[in-house]
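# Architecture at a glance
One letter stands for each residue in the lines below.
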Amino acid sequence: MTVQIASDRPDGNPAWPDLPLKAWQDTYATLHMWTQIVGKIRLALAPWVNHSWHVVLYLTASGLTTSPIPYRNRTFQIDFDFIEHRLVIRTNDGSERQVPLRSRTVADFYEEVFAALRVLEIELAIRKKPNEVAHPIPFDRDREHATYDPECAHRCWRALTQADRVFKAFRARYIGKCSPVHFFWGSFDLAVTRFSGRRAPEHPGGVPNLPDWVVRDAYSHEVSSCGFWPGNDAVPFPAFYAYAYPEPKGFPEARARPEGAYYSSELKEFILPYDEVRRADSPDLLLLEFLQSTYEAAADLGHWDRPSLERSTPGKEPTFPRA
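What counts, and where the lines are drawn
Residues numbered from 1 in each chain as written. Predicted model: local features only at pLDDT ≥ 70, side-chain atom pairs only at ≥ 80, totals over all residues. Heavy atoms only, no water. Disulfide = S-S within 2.5 Å. Buried < 20%, exposed > 50% of the residue type's maximum accessible area, 1.4 Å probe, protein only. pLDDT = per-residue confidence, 0-100. Contact = heavy atoms within 4.5 Å. Axes fitted to C-alpha atoms, helices over the stretch in contact; angles between N-to-C directions. Helix = DSSP H or I, 4+ residues; strand = E, 2+ residues; numbered from the N terminus. Parallel < 35°, antiparallel > 145°, perpendicular 65-115°, else oblique. Left-handed = near helix turned anticlockwise from the far one by under 90°. Pairing = 2+ DSSP bridges. Salt bridge = Lys/Arg side-chain N within 4 Å of Asp/Glu carboxyl O.

Another aspect to go through is the state of the cysteines. Per the stated rule, a full pass over the model turns up zero disulfides. Here Cys152 stays unpaired: no disulfide links it, and the sulfur of Cys156, its closest cysteine neighbor, is 9.5 Å away. Unpaired in this structure, Cys178 has its nearest cysteine sulfur neighbour in Cys226, at a distance of 8.1 Å. Accessibility expressed as a relative area gives 11% for Cys178, which makes it buried.

Here is the structure:
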């Protein structure tokens, strides 16, 4: 069954699609589990990198990719294509298998992906329990999530693509340690994280179905992090977020820009609704204002050594169009 989403409205920039959470939450839940399966394949084979950067996916011109994964003396990669709606597995010796993206259970998707890997002579096992969800169902037994609406998936990817562009421009302003712009399949969000260079107090952990040692590795050093995700029960709409760990004194009271941004005491994050960005005259500039103002609050209140961490001259930044 295809979910009906209204066409991009005239009050929004056509490059930034409308993405109401309620209209596609079933597809979202299914796609979340599918990305976890693919992400765990990368996790099982890639060398460990600090902050779990070895497990992430990346935006492409058609979807999401694992990037090359080592397997013995070969490499392969797995790509979600949200234009042709297929999952493509390619090896460096020219072999390829495809799995159509269509409505099916997570269990069936899991079986098809691993059958395709076996044809390509890639044998591995993953932990079948999803991460970072409150009530996980093992992938091979999950017959609850079975919806895939191509239009919804395409819109989500388009929104992620716009966020990816702006996040990369924001990242380029920083010369200190900084993550790539990457997609975390555990929480289904696109993120970029700046580091002060100083150790952080041990994180308490407590993320649902994620080992505390993984969380503590992720937050081993002070961070200012921002990202985008399609929403959840606490924030029932797509949104941009920004937070600091450890959160410095006064951070919740800091003035985040633009006017539509606010601090969520439940999440301990600043939130900027996606629709505030989508409807702006210049979505890119409005989003950059949010990213920069929340970073400055974290860095100034946390007494970061900003002169040594930021570019002394802006350099050539992209010119963002107005609507």
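So, about the confidence of the model for the protein. Here the protein shows a mean pLDDT of 94. Residues at 70 or above account for 93%. Long-range and interchain partners of residues 1-10, a stretch whose pLDDT sits below 50, account for 20 contacts in this model, where long-range means more than four residues apart.

This paragraph deals with the packing of helix 3 (residues 150-171) against helix 6 (residues 283-301). Viewed as axis vectors pointing N to C, helix 3 and helix 6 meet at an angle of 45°, and their least axial separation amounts to 10 Å. With respect to helix 6, the axis of helix 3 lies oblique. Relative to helix 6, the crossing made by helix 3 is right-handed. Across the interface between the two elements, Arg165, Val166, Phe167 and Phe170 from helix 3 touch Asp284, Leu287, Leu288, Leu291, Gln292 and Tyr295 from helix 6.

A separate point is the sheet that holds strand 11 (residues 262-264). Read across the sheet, six strands follow the order 7-8-9-10-12-11 without closing on themselves; strand pairing throughout is antiparallel. The outermost strands of the open sheet, each flanked by one partner alone, are strand 7 (182-184) and strand 11. Each adjacent strand pair in this sheet contributes to an overall mean axis angle of 35°, direction not counted. The strands touched by helix 3 are strand 7, strand 8 (189-199), strand 9 (221-229) and strand 10 (239-245); relative to strand 8, the strand with the most contacts, the crossing angle is about 25°. Contacts from helix 6 reach strand 8, strand 9, strand 10 and strand 12 (269-273), with the element oriented near 15° to strand 10.

This part takes up the pattern of salt bridges. A complete count under the given rule lists 20 salt bridges for this structure. Note that Arg278 is salt-bridged to Asp275, the shortest N-O span being 3.3 Å. Taken as a pair, Arg278 and Asp275 lie in helix 5 (residues 274-278) at a separation of three residues, close to a single helical turn. Taking relative accessible area as the criterion, Arg278 reaches 0% and is therefore assigned buried. Owing to a relative accessible area of 25%, Asp275 belongs among the partly exposed residues under this scheme. In this structure, Asp300 engages Arg306 in a salt bridge whose closest nitrogen and oxygen atoms are separated by 3.0 Å. Asp300 gets classed as partly exposed once you look at its relative accessible area, which sits at 42%. A network of salt bridges, in which partner residues are shared, links Asp18, Asp275, Arg278 and Arg279.

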